[in-house]
Amino acid sequence: FTEPEQTLLAAAPGRIALVIFIAVLNGLLLVLYRAQLYQVAIRASFLGFAFGCGLLLGITQSPWKPFGWYVCSLSFFHYSEYLITAVNNPKSLSLDSFLLNHSLEYTLAAVSSWVEFTVEKTIYPDLKQITWLSVIGLIMVLFGELLRKCAMLTAGSNFNHIVQNEKSDSHTLVTSGVYSWFRHPLYVGWFYWSIGTQVLLCNPLCLFGYTFASWRFFRERIEEEEFSLIHFFGENYMEYKKKVPTGLPFIRGVKVEP
């Protein structure tokens, strides 16, 4: 056998073991859980498996080390979205709470970042070895993740992944904690988390694209949400709006005519 063939043969048992492990795990979950619970379990298991793979890759000296950090960040983000929602507002909990099917645009953005990292790593490998830049990106990711989860916990049962157009009996105006720093800490956290993933990967093209797309998305989302909040809380929200910024650059929220 040639050297490449020997390498493939050496790796074959590991790949076979991985396939068997996933098949057995999937079968076990199917036996233990039914319908909705199975769907939750298989997604949580997949995210846990991805986190573990990312962690193993992230602690090596492989050129793919930054990508391992990225995989950990991505899998933890989606898992924790479901977990915090389950703790805070179980009535709104669904499979969509994982945000794995957030939108077609979100999926395309994620895939494009993987493609850019792979292509640039092949053509310009030194670009992916700027450790200090990847560390800055990791810090941004951790800051964004922490801020968003603190905001979710502070909001409690008021938090929902879907902008609410009707006020529920339990809906209150939250202005304490991180909400005393920014009017929309959930979006601020997600914005910097998103940009941080591309700094971590040293992806210049996606960094520009993510920044523009995220900024535009949150500008429209904040305006939509603030129309509802003004309708719900009236003058109380207007006073809060005057005192506390949105937290995102060049986004002031909905304009209200005097």
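These notes cover the structure that comes with them. Treat the numbers as computed from the prediction; the structure is a model and nothing was measured. (Residues numbered from 1 in each chain as written. Predicted model: local features only at pLDDT ≥ 70, side-chain atom pairs only at ≥ 80, totals over all residues. Heavy atoms only, no water.)

**A word on the overall build of the protein chain**
Step number 1: A tally of regular secondary structure across the protein chain gives 8 helices and 0 strands.
Step number 2: Taken from N to C terminus, the helices and strands of the protein chain fall in the order α-α-α-α-α-α-α-α.
Step number 3: Expressed as a percentage of the 258 residues in the protein chain, the buried residues total 39%.
Step number 4: For the protein chain, contacts bridging at least 24 residues in sequence account for 75% of all contacts bridging at least 6.
Step number 5: As displayed, the protein chain offers around 15200 Å² of accessible surface, 68% of which is attributable to carbon and sulfur atoms. (Helix = DSSP H or I, 4+ residues; strand = E, 2+ residues; numbered from the N terminus. Buried < 20%, exposed > 50% of the residue type's maximum accessible area, 1.4 Å probe, protein only. Contact = heavy atoms within 4.5 Å. Areas by Shrake-Rupley, 256 points an atom, 1.4 Å probe, with all protein chains shown as cover.)

**Brief notes about the layout of surface pockets**
Step number 1: Its boundaries defined by the atoms lining it, the largest pocket holds a volume of some 740 Å³.
Step number 2: In terms of lining residues, the largest pocket is bounded by 38 residues, among which Phe159, Asn160, His161, Ile162 and Glu225 are the most central.
Step number 3: Those elements that place two or more of their residues in the lining of the largest pocket are α5 (131-155), α6 (185-200), α7 (204-233) and α8 (235-243).
Step number 4: In terms of residue class, the lining of the largest pocket is built from 19 nonpolar, 14 polar and 5 charged.
Step number 5: Estimated volume of the second largest pocket: approximately 450 Å³.
Step number 6: As for the second largest pocket, its lining consists of 19 residues, of which Glu105, Tyr106, Ala109, Ala213 and Ser214 are closest to the centre.
Step number 7: For the lining of the second largest pocket, the secondary structure elements donating two or more residues are α3 (65-88), α4 (104-123), α6 and α7.
Step number 8: Among the elements that make up the lining of the second largest pocket, the one with the highest residue count is α7 (6 residues).
Step number 9: Here the residues of the lining of the second largest pocket sort into 11 nonpolar, 7 polar and 1 charged. (1 Å grid on protein atoms, 1.4 Å probe; cavity = no way out; pocket = protein on both sides within 12 Å on 5 of 7 lines; lining within 4 Å. Points joined across faces, edges and corners; volume = space filled by probe spheres on them. Nonpolar A, V, L, I, M, F, W, Y, C, P; charged D, E, K, R; others polar.)

**Observations concerning a nonpolar patch on the surface**
Step number 1: A cluster of nonpolar side chains, contributed by Val111, Trp114, Val115, Val119, Ile123 and Tyr124, occupies part of the molecular surface with about 560 Å² of accessible area.
Step number 2: Mapped onto the elements of the fold, Trp114 is located in helix α4.
Step number 3: Here Trp114 falls in the partly exposed class, since its relative accessible area comes to 34%. (Patch = residues over 30% accessible without salt bridge, like charges linked within 9 Å, V, L, I, M, F, W, Y side chains within 5 Å. Salt bridge = Lys/Arg side-chain N within 4 Å of Asp/Glu carboxyl O.)

**Topic: the packing of aromatic side chains**
Step number 1: For the structure shown, the criterion picks out 15 aromatic pairs.
Step number 2: Note on Tyr106 and Trp190: the rings are 6.5 Å apart at their centroids and 70° apart in plane angle, and the pair reads as edge-to-face. A residue pair is termed long-range when its members are at least 10 positions apart, and Tyr106 in helix α4 and Trp190 in helix α6 qualify at 84 residues.
Step number 3: An aromatic cluster of at least three residues, connected via ring pairs, comprises Phe77, Tyr106, Tyr187, Trp190, Trp193, Phe217 and Phe218. (Phe/Tyr/Trp six-rings, centres within 6.5 Å; stacked < 30°, edge-to-face > 60°.)

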